[in-house]
Structures are given as C-alpha cells and as structure tokens.
Amino acid sequence: MAAEELHRAKAEHNRRFLASIRSDEFADWQATAAFYCALHLVEMLFARSDGHSLGHRDRNLRLKRHHPQLWRHYRPLYSFSLYARYETRPVSAAVVRTELIDKRLRLLEHAISAEPTAPGKPTRRKR
Amino acid sequence: MCGKPRIQEGPIRIDFRSVQHVVVTPEDQDRFVTTSREAAMACRRAEDEKAWDEQFHRFLAHVHEWSGKHSDLVSGSYVGVSDEGLRVFLTTRGDGYRFDFDDEVSDLDLELDRLFPNCPCTVMHLPESPKEALTSFFSLADAIQTYGR
C-alpha cells in the first residue's frame, strides 16, 4: 500500500477510535485522538508530494509555510492536545466535541480532501 | 556538586526599552545567554550568530508588543525551548481554555514565522495558573518571560 493510503487508513483508524470513546471522562484522550487523526491526514497530504515529515517541528514548519490555511485548523488541535495531556484540571468533553472535533478536525478534513493531488496520483482509494 | 548555583528558579525577566532594545538584568545575563544559545541550536539555522541574535531579540520584542496589545486576554508570555524547537506560551486570563482566542494565536504564529524565519516556533496559549503549575508545560528556570509579572 502506498504511503498516502497508509496514512489515510491510520487517520480513519484514529477517527473510529475517537468515535468509540463514549465517556466524557476521557475528553483529554478524545482531544489526543483528534490530533493524531489530523496528523495522519497531514502526512497523507505530504505523502503525495515531498514525503514524510521528520517530526512535529518539521511538520509544523511545512504546514505553516506551504499550507497556512490548514495550519489554522491544525495548530489548535496540536496545541490543545498537548494542553489536555499535561493539564491536571479536567477538560470539558462538550467543548472538545464542539470546538475541536466538530469544528477544527472537520474543517481540516474538508480542506485536505479539497487539496489537489500530485500529478498522476489517485485522489481516492479504489472502490 | 560543583556546578554553578542557579541565581533564581523563576523565568528570565527582561525589560523592553524599545522594540529594538532588549535589556537583560545583570543577574539573569548568564542564564539568558545560555537559553539564547539553546534556542539558536534548536533553530539550527544560526549560521550567522550575530544576525541570529539580532533577530532573536526582535522576536522577543514582537511577542512582548503583541502580548501588550492583547492584554485584555493575555496575562503573560514566555519563550521556552522544547525538543521541538522554540515555543511561545501565552497565559490567558480566567480559568478556562480560550478556544475563541485560537484564530488570533494562529495569526501570531504565522506572523512570527514570516517576520523571523530564523526563529521557528510554535505558539500555544494556556489559562493562567500559579507559576508552579506552568512547569507541566515548560521549564520556568530556562524560559524567558516577555510579558506580565
């Protein structure tokens, strides 16, 4: 399977995990799963052109310099997932759902699906 | 055991006499130089040390000015060095995480990258907390406080 497809599959896997977290007790992990879903969507996009990122720093720089509109949705996911993992005060599940999952992640998904693919590369999986 | 004792454990405090002129108090000078060197290494683009140093000072001044302009929401700002490079931490007033501030923070993040390409960083915001609680996110002893008390 090509790298793009591997990252798409991982993003979808993370999306399914996110949907499986029913308890509001784990909003911090919902935020984390949402971020890793976003990360693999970004890597899926990069796989179409320049290939893998070397890490968060490289990925963040490439996003903000080449895809600033995607960065505007990705940065809040990146930033809040870090906050949610290290903050000791509880995180609101309702806000994670509305602000991160239903807003930022969804906007990022739509924006990436609208990105042009590299010449000669398929846009979608074979059905 | 023979290491140089730390003068203080809080963040490095600097004054901004003007946008171009960052003043480091004498007792913090050594820590500031050390932290700046770590920041330069984190940026990995510091081929010309003097030019980088000048850009880093303007970067700090820009974060200071931006924080002041957003003082209705921002109570403090810090620049730290993480495994992933420079991080700017903005503390926001109130207890809750300010999702409504995300777009403005993203604008600052993009602006810093455009103006100071040799100082790549990521900007985060957090609700204000006692300084001890901030250590979950960055080392206060190695951070530079650019705004707030």
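Residues numbered from 1 in each chain as written. Chains lettered and ligands numbered in written order. Predicted model: local features only at pLDDT ≥ 70, side-chain atom pairs only at ≥ 80, totals over all residues. Heavy atoms only, no water.

### Considerations on the overall build of chain A
In step 1: When helices and strands are tallied, chain A shows 5 helices and 0 strands.
In step 2: Listing each helix as α and each strand as β along chain A from the N terminus yields α-α-α-α-α.
In step 3: Rg of the C-alpha trace for chain A: 15 Å, near the compact-globule value of 14 Å for 127 residues, within the 12% margin.
In step 4: In terms of its C-alpha atoms, chain A occupies a principal-axis envelope of roughly 50 × 35 × 20 Å.
In step 5: Within chain A, buried positions represent 48% of all 127 residues.
In step 6: Counting contacts in chain A only where the partners sit at least 6 residues apart, residues at least 24 apart contribute 65% of the total.
In step 7: For chain A, the accessible surface area stands at approximately 6600 Å², while carbon and sulfur atoms represent 56% of it. (Helix = DSSP H or I, 4+ residues; strand = E, 2+ residues; numbered from the N terminus. Rg over C-alpha atoms; globule rule 2.2 N^0.38 Å. Buried < 20%, exposed > 50% of the residue type's maximum accessible area, 1.4 Å probe, protein only. Contact = heavy atoms within 4.5 Å. Areas by Shrake-Rupley, 256 points an atom, 1.4 Å probe, with all protein chains shown as cover.)

### Points about the nonpolar core
Soluble globular proteins tend to bury their nonpolar side chains together.
In step 1: Tyr74, Leu77, Phe80, Val96, Leu105 and Ile112 of chain A together with Phe138 of chain B are the most contacted members of the largest nonpolar core, which totals 45 residues.
In step 2: Broken down by secondary-structure element, the contributors of at least two residues to this core are α1 (3-20), α2 (27-47), α4 (68-86) and α5 (93-114) of chain A together with β5 (121-127) of chain B.
In step 3: Here the element with the most residues in this core is α2 of chain A; it accounts for 13 residues.
In step 4: Other than its neighbours up to four places away in sequence, phenylalanine 138 of chain B contacts Tyr78, Phe89 and Ala143 of chain B.
In step 5: Ranked by size, the runner-up nonpolar core spans 32 residues in total, among them Ile12, Ala39, Phe59 and Val105 of chain B. (Core = buried A, V, L, I, M, F, W, Y, C linked by side-chain atoms within 4.5 Å.)

### Quick notes on the pairing of strand β3 (residues 74-82) of chain B
All names here are of chain B.
In step 1: By the criterion of burial, β3 is predominantly enclosed, with 7 of the 9 residues buried.
In step 2: Taken together, the 8 bridges between β3 and strand β4 (residues 85-92) define a ladder with antiparallel strand orientation. By the bridge assignment for β4, tyrosine 78 is matched with phenylalanine 89.
In step 3: Between β3 and the antiparallel strand that follows it, β4, lie 2 residues.
In step 4: Relative to strand β6 (residues 144-147), β3 runs antiparallel, the two sharing 3 bridges. (Pairing = 2+ DSSP bridges.)

### Digging into the confidence of the model for chain B
Residue and element names in this part refer to chain B.
In step 1: For chain B, per-residue confidence averages 86 on the pLDDT scale, and residues scoring 70 or more make up 89% of the total.
In step 2: Summarising per-element confidence for chain B, the mean pLDDT is lowest in strand β2 (residues 22-24) (75) and highest in helix α3 (residues 102-115) (97).
In step 3: Confidence drops under a pLDDT of 50 for residues 1-7, and excluding neighbours within four residues, the segment shows 5 contacts in the predicted structure.
In step 4: For this predicted complex, the interface confidence comes out at an ipTM of 0.87, alongside a pTM of 0.87. (pLDDT = per-residue confidence, 0-100.)

### Examining the packing of aromatic side chains
In step 1: Scanning the entire structure with this criterion turns up 18 aromatic pairs over all chains.
In step 2: Geometrically, the ring pair formed by tryptophan 71 of chain A and tyrosine 74 of chain A is tilted, given 6.0 Å between the ring centres and 35 degrees between the ring planes. In this pair, tryptophan 71 of chain A and tyrosine 74 of chain A are both assigned in helix α4, 3 residues apart and thus about one turn of the helix distant.
In step 3: Here tyrosine 74 of chain A falls in the buried class, since its relative accessible area comes to 0%.
In step 4: Pairing phenylalanine 80 of chain A with tyrosine 97 of chain B gives two aromatic rings, centres 4.6 Å apart and planes at 80 degrees, and the pair type is edge-to-face. (Phe/Tyr/Trp six-rings, centres within 6.5 Å; stacked < 30°, edge-to-face > 60°.)

### Here's the deal with the environment of histidine 62 of chain B
Residue and element names in this part refer to chain B.
In step 1: Topologically, histidine 62 is positioned in helix α2 (residues 49-69).
In step 2: On a C-alpha basis, the gap between histidine 62 and proline 11 in space is 18 Å, while along the polypeptide they are 51 residues apart.
In step 3: If near-sequence neighbours (up to four positions away) are discounted, histidine 62 is found in contact with Leu108, Glu111, Leu112, Leu115 and Phe116.

### Comments concerning the pattern of salt bridges
All names here are of chain A.
In step 1: Within the structure shown, the criterion is met by 19 salt bridges over all chains.
In step 2: Taking the shortest distance from any N to any O, the salt bridge between glutamate 5 and arginine 8 comes out at 3.5 Å. Taken together, the residues span about one helical turn, with glutamate 5 and arginine 8 both in helix α1 at a distance of 3 residues.
In step 3: A salt bridge links arginine 106 to aspartate 102, with the nearest nitrogen and oxygen atoms 3.8 Å apart. Note that arginine 106 and aspartate 102 are positioned in helix α5 at a spacing of 4 residues, about one turn of the helix. (Salt bridge = Lys/Arg side-chain N within 4 Å of Asp/Glu carboxyl O.)

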